[in-house]
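An overview of the molecular structure
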Amino acid sequence: MKIISVVGARPNFMKVAPLYIEFQKLNNSNVNHLICHTGQHYDEKMSKLFFEELELPQPDYYLGVGSGSHAEQTARIMIEFEKVLIKEKPELVIVVGDVNSTIACSLTAVKMGIKVAHVESGLRSFDRQMPEEINRILTDSIADYLFVTEKSGIENLMNEGIDSSKIFFVGNVMIDSLINYLPKIQTSQIFPKLNIEKGTYSLITLHRPSNVDSKEKLKELIELLGEVSKNHKVVFPIHPRTKNNLLKYDLFKHLNHNIITTDPLGYIDFISLIKYSNFVLTDSGGIQEETTYLGVPCVTLRNTTERPITVEVGTNYLVGEGLSQAKKYINEILAGNRKQSKIPDLWDGKAAERIVKILLGINS
Ligand code: UD1
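Here's what I pulled together on the structure shown here. (Residues numbered from 1 in each chain as written. Predicted model: local features only at pLDDT ≥ 70, side-chain atom pairs only at ≥ 80, totals over all residues. Heavy atoms only, no water.)

**Comments concerning the packing of aromatic side chains**
Applying the stated criterion across every chain, the model contains nine aromatic pairs. Between tyrosine 181 and tyrosine 267 the ring centres are 6.0 Å apart and the planes differ by 85 degrees, which places this aromatic pair in the edge-to-face class. Placement of the pair is tyrosine 181 in helix H7 (residues 173–185) and tyrosine 267 in helix H12 (residues 267–275), with a sequence separation of 86 residues. Measuring from ring centre to ring centre gives 6.2 Å for phenylalanine 191 and tyrosine 201, while their planes differ by 50 degrees; the resulting arrangement is tilted. Taken together, the residues phenylalanine 191 in helix H8 (residues 190–194) and tyrosine 201 in strand E8 (residues 201–205) connect sequence positions ten residues apart. On the basis of relative accessible area, phenylalanine 191 is assigned to the buried category, the value being 7%. Judged by relative accessible area, tyrosine 201 falls into the buried class, the value being 0%. Through successive ring pairs, a cluster of aromatic residues spans Phe13, Phe50 and Phe51. The residue whose ring lies beneath lysine 198 is tyrosine 276, and the NZ or CZ to ring-centre distance is 4.4 Å. A cation over a ring is seen here: lysine 339 above tyrosine 317, with NZ or CZ 5.1 Å from the ring centre. (Phe/Tyr/Trp six-rings, centres within 6.5 Å; stacked < 30°, edge-to-face > 60°. Helix = DSSP H or I, 4+ residues; strand = E, 2+ residues; numbered from the N terminus. Buried < 20%, exposed > 50% of the residue type's maximum accessible area, 1.4 Å probe, protein only. Lys NZ or Arg CZ within 6 Å of the ring centre and 35° of its normal.)

Next comes the structure, spelled out in structure tokens:
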């Protein structure tokens, strides 16, 4: 059986790594698992560093599609991925998450009669302004295997009329990676490098178009960082999209000396920073889950989340895009009032094992 796993953007690499490890463990010459990197993310710090740290092999295919408008990027991925499928004729394509590479490769595969497995299926923000929401809905509507990370996913898929025989609640492959690499995290040299002490800072990430593409919104968020950093160090690894916009709108000058900016960080350093932070302020999807697993408060600067379990049982505070709620919760967290949390069901480091067993029809 030939299987191609697709990665494209930074949040994909840690989701495919545990699947790669499981296929390796099988040591079965009847299973040929290949990795195709679309090149949606291409900077050394957004891509290559992750392959090294996650101990992923060089991808079997690198499509080199790069940046562009949604249509350009999606179309380029489809054209290049079709060539791979014609050559390799796999039985199955595995896609993860909700980025443009996810929908582009799913659509290419199903039209060639190749089965698709979607890992991290069923998540819904119900906000169709988000490009990721469109990617999620479309991918789930054409995939053959839908692997779900939290129970809301099952409900969402059933509501969309998807046959329950295709839906599998397996847990969270991103948490598999987190658990797998936790020992390595102790070796991170990021604290001396940034000259900060564990437990004395907060961590900020911003990259959603709705937060960083407009000058007014980005300026407001930088003002919020100014307030948060008055008595407190803030570490701010800057995504390329955000950096471009900070430069374009001339906003770097508003960042004070307590705000430590860095280039995008590798996986090990970044997870270390989450683990020892007082709280994380973010608009990311995956970080809501990583903070929940690590028991670190997460203040999410969005109106909706496709990961409601992180709010219901985890450490996530969904504060919307207005900033008064964010300030309120940050003050509460810094005063020591944190909500009780627990780790969601099946976030136990074994999601990839379950997925591979289901795909190969192995009865456990
Ligand atoms: C993409 C995903 C988003 C995910 C995010 C994580 C889609 C629709 N969006 O958003 O879901 O949360 O990745 O980062 O797939 N750039 C570089 N170097 C790179 C990559 C990007 O400089 O290696 C710059 C380019 O100017 C590019 C911009 O960042 O145009 C945006 O990159 P793109 O892949 O289009 O989307 P992200 O905002 O990263």
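**With respect to the sheet that holds strand E11 (residues 280–282)**
Taking strand neighbours across the sheet as the criterion, the six strands line up as E10-E9-E8-E11-E12-E13 in an open arrangement whose pairing is parallel. Of all the strands in the sheet, just strand E10 (259–262) and strand E13 (316–318) have a single pairing partner and so form its edges. Along the sheet, successive strands turn relative to each other by an average axial angle of 20 degrees, direction set aside. Pairing of strand E12 (residues 298–300) with E13 involves three bridges; the strand directions are parallel. Following the sheet pairing, threonine 300 is matched in E13 by leucine 318. Packed onto the sheet, helix H15 (residues 323–334) meets E11, E12 and E13 and runs at close to 175 degrees relative to E12. (Pairing = 2+ DSSP bridges. Axes fitted to C-alpha atoms, helices over the stretch in contact; angles between N-to-C directions. Contact = heavy atoms within 4.5 Å.)

Worth remembering: the numbers are spatial, not functional.
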